[in-house]
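These are the residues of each chain, in order.
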Amino acid sequence: MREFFSYLWPTTKSFSSEINGTLEVTYINGKKVLDSENANYSYGSLQKIMEFGLAKIDLQKVENLLLLGMGGGSIIKTLRNNFEYYNSIVAIEIDPEIIKLAREEFGINNSGNLKIIHEDALDYVKKSEERFELIVIDLFIDTQVPPLFYGEEFCKNVSHLMDKNSSIIFNTGINLQKESEIIKRIISNFGNEFKFKIFKKVNRTNTLLIGMKKL
């Protein structure tokens, strides 16, 4: 019954986060979505954007996946349900309120092949010794990717977690100002070891960088 009425009268619950400000879980058209004040965080347009990126990757060759920026867990559900990817996922999320919402509102919990870590992605990639065949970078505070995640230190630390022929999906932002400059900076900071393809205006909004480590 609740699902039926969501098509007629969407219902929204608001939550306060010290990191992301106001977060909203809306039940609309039979499903829940997670939004910040100005952007979709999970299960709406963002899910379609990341599904586009994941479709470019041969997931059969991925045994260990790192997700930097879990949000409400829509990428995890897309991997499981749309791509039948059931191998290891390590999900890093800085905001404890989002981790709580992912668990209580969207059913995203730690399991044998899903490890959720409450940590700043900057710190995690600096100290981790694991290796990953795919790293997905989806790090937003509202509509913005913090500039540190475009920086040389972050990019080099991410690279150190990848072996040859590992892949990366980098969600660089929404309708970016100085887009060309930011893209050039990211690609330069990853260095000649990587070969990137640029996909602009995915789902009419976001730019994705999809690359492979060649050396």
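Here is what the cut-offs are and how they apply
- Residues numbered from 1 in each chain as written.
- Predicted model: local features only at pLDDT ≥ 70, side-chain atom pairs only at ≥ 80, totals over all residues.
- Heavy atoms only, no water.
- Salt bridge = Lys/Arg side-chain N within 4 Å of Asp/Glu carboxyl O.
- Helix = DSSP H or I, 4+ residues; strand = E, 2+ residues; numbered from the N terminus.
- Buried < 20%, exposed > 50% of the residue type's maximum accessible area, 1.4 Å probe, protein only.
- Patch = residues over 30% accessible without salt bridge, like charges linked within 9 Å, V, L, I, M, F, W, Y side chains within 5 Å.
- Areas by Shrake-Rupley, 256 points an atom, 1.4 Å probe, with all protein chains shown as cover.
- Lys, Arg positive; Asp, Glu negative; His and termini not counted.
- Charge placed at Lys NZ, Arg CZ, Asp CG, Glu CD.
- Contact = heavy atoms within 4.5 Å.
- Pairing = 2+ DSSP bridges.
- Axes fitted to C-alpha atoms, helices over the stretch in contact; angles between N-to-C directions.
- Phe/Tyr/Trp six-rings, centres within 6.5 Å; stacked < 30°, edge-to-face > 60°.
- Parallel < 35°, antiparallel > 145°, perpendicular 65-115°, else oblique.
- Left-handed = near helix turned anticlockwise from the far one by under 90°.
- Nonpolar A, V, L, I, M, F, W, Y, C, P; charged D, E, K, R; others polar.

1. So, the pattern of salt bridges
- In this structure the tally under the stated criterion is nine salt bridges.
- One salt bridge in this structure joins E105 and K32, with 2.8 Å as the shortest N-O distance. With E105 in helix α4 (residues 96–106) and K32 in strand β3 (residues 31–35), the pair connects residues that are 73 residues apart, well separated along the chain.
- Exposure remark for K32: the relative accessible area of 18% places this residue in the buried category.
- With a shortest N-O distance of 3.7 Å, E179 and K200 are connected by a salt bridge. Here the residue E179 occupies a position in helix α7 (residues 179–190), and K200 occupies one in strand β10 (residues 194–202), the gap between them amounting to 21 residues.
- When its relative accessible area of 18% is taken as the criterion, E179 is described as buried.
- Overall, the relative accessible area of 47% leaves K200 in the partly exposed class.
- The structure contains a network of salt bridges with shared partners spanning K13, K32 and E105.

2. Focus on a nonpolar patch on the surface
- A cluster of nonpolar residues, I19, I94 and I141, forms a patch on the protein surface that exposes about 190 Å² of accessible area.
- Of note, I141 is situated in the loop between β8 (132–137) and α6 (152–159).
- Overall, the relative accessible area of 32% leaves I141 in the partly exposed class.

3. Structural notes on a positive patch on the surface
- A contiguous patch of positive charge on the surface is contributed by K56, K164, K195, K197 and K214.
- Along the polypeptide, K214 turns up in the segment after β11 (206–213).

4. Overview of the environment of A91
- Relative to the helices and strands, A91 resides in strand β6 (residues 88–93).
- Look past the residues within four positions of A91 in its chain and what remains in contact with it is L67, M70, I76, L114, K115, I116 and I117.

5. Looking at the sheet that holds β10
- Pairing is mixed in the open sheet, where seven strands are placed in the order β7-β6-β5-β8-β9-β11-β10. Every interior strand has two partners, whereas the edge strands, β7 (114–118) and β10, have only one. Pairwise comparison of adjacent strand axes, ignoring direction, gives a mean angle of 15 degrees for this sheet.
- Sheet topology places β8 next to strand β9 (residues 162–174); five bridges connect them, and they run parallel. Looking across to β9, one finds that L134 is bridged to S167.

6. Focus: the packing of aromatic side chains
- Applying the stated rule across the entire model yields six aromatic pairs.
- Ring centres of F194 and F196 lie 5.8 Å apart, and the angle between their planes is 20 degrees; this geometry places the pair in the stacked category. Both residues of the pair, F194 and F196, belong to the buried class.
- Ring-pair connections join several aromatic residues into one group, and the members of that group are F190, F194 and F196.

7. Here we look at the sheet that holds strand β1 (residues 11–17)
- Strand order across the open sheet formed by four strands is β1-β2-β3-β4, with antiparallel pairing between neighbours. Edge strands, defined here as strands with exactly one partner in the open sheet, are β1 and β4 (40–42). Taking each pair of neighbouring strands and ignoring which way they run, the sheet shows an average axis angle of 30 degrees.
- Bridge count for strand β2 (residues 21–28) against β3 is five bridges, and the pairing is antiparallel. Pairing of Y27 across the sheet is with K32, part of β3.

8. A look at the packing of helix α2 (residues 45–54) against helix α3 (residues 74–81)
- Contact geometry of α2 with α3 gives a least axis separation of 10 Å together with a crossing angle of 50 degrees. Of the possible angle classes, the one that applies to α2 and α3 is oblique. For the crossing formed where α2 meets α3, the hand is right-handed. Across the interface between the two elements, Q47, M50, E51 and L54 of α2 pack against S74, I75, T78 and L79 of α3.
- When its residues are assigned to classes, the contact of α2 with α3 shows four nonpolar, three polar and one charged.

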